[in-house]
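So you can see what is in the structure, the chains are spelled out below.
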Amino acid sequence: MFILDDLLIRPFVGIVDTLHTMALSEMYDIEGLEDELKENQLLYELGERSEEEYQRRKDELEAEIEIARDVHERLASGRVEVKS
């Protein structure tokens, strides 16, 4: 039974783990969020975004970046939890 588990289940678990890691890395793209933050600043400086809208979006993006950094730190340390 243990040999069967090693041959059939472990490769499947490894694939799922890899897919999960890739999905989290794409969902929490730090560089993409930082680019959005720069774009928000540029739109504000060009006058295409009001100060209130700029500040609201800046706060949202900074919070998302903080979460993304935490997720990437957990991925690097191997302590990612899957919650439903």
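As the structure is a computational prediction, the values presented were derived from the model and not from experiment.

S.K.: Could you give an account of the packing of aromatic side chains, with specific residues and numbers?
M.R.: Scanning all chains against the criterion turns up 1 aromatic pair. Between the aromatic rings of Tyr44 and Tyr54, the centroid separation amounts to 4.4 Å while the plane-to-plane angle is 15°, which identifies the pairing as stacked. Linking Tyr44 in helix H2 (residues 30-45) with Tyr54 in helix H3 (residues 51-77), this pair joins segments that are 10 residues apart in sequence. Here Tyr54 falls in the buried class, since its relative accessible area comes to 10%.

S.K.: Account for a nonpolar patch on the surface, naming residues and giving values.
M.R.: Nonpolar side chains collect at one region of the surface, where Ile9, Phe12, Val13 and Val16 lie side by side and expose about 370 Å² of accessible area between them. Position of Ile9 relative to the elements: it lies in helix H1 (residues 2-27).

S.K.: Describe the packing of H2 against H3, naming the residues involved and giving the relevant values.
M.R.: The interhelical angle for the contact between H2 and H3, taken along N-to-C directions, is 165°, at an axis separation of 9 Å. With respect to H3, the element H2 is oriented roughly antiparallel. In this structure, H2 crosses over H3, and the sense of that crossing is left-handed. Between H2 and H3, the residues in contact are Ile30, Leu33, Glu34, Glu36, Leu37, Asn40, Gln41 and Tyr44 and Glu51, Tyr54, Arg57, Lys58, Leu61, Glu62, Glu64, Ile65, Ala68, Arg69 and His72, respectively. Split by residue class, the contact of H2 with H3 holds 8 nonpolar, 3 polar and 8 charged.

S.K.: Please set out the confidence of the model for the protein chain residue by residue, giving values where relevant.
M.R.: When pLDDT is averaged across the protein chain, the result is 85; 83% of the residues are at 70 or more. The lowest-confidence element of the protein chain is H1, averaging 75 in pLDDT; the highest-confidence one is H2, averaging 96.

What counts and how
Residues numbered from 1 in each chain as written. Predicted model: local features only at pLDDT ≥ 70, side-chain atom pairs only at ≥ 80, totals over all residues. Heavy atoms only, no water. Phe/Tyr/Trp six-rings, centres within 6.5 Å; stacked < 30°, edge-to-face > 60°. Helix = DSSP H or I, 4+ residues; strand = E, 2+ residues; numbered from the N terminus. Buried < 20%, exposed > 50% of the residue type's maximum accessible area, 1.4 Å probe, protein only. Patch = residues over 30% accessible without salt bridge, like charges linked within 9 Å, V, L, I, M, F, W, Y side chains within 5 Å. Areas by Shrake-Rupley, 256 points an atom, 1.4 Å probe, with all protein chains shown as cover. Salt bridge = Lys/Arg side-chain N within 4 Å of Asp/Glu carboxyl O. Axes fitted to C-alpha atoms, helices over the stretch in contact; angles between N-to-C directions. Parallel < 35°, antiparallel > 145°, perpendicular 65-115°, else oblique. Left-handed = near helix turned anticlockwise from the far one by under 90°. Contact = heavy atoms within 4.5 Å. Nonpolar A, V, L, I, M, F, W, Y, C, P; charged D, E, K, R; others polar. pLDDT = per-residue confidence, 0-100.

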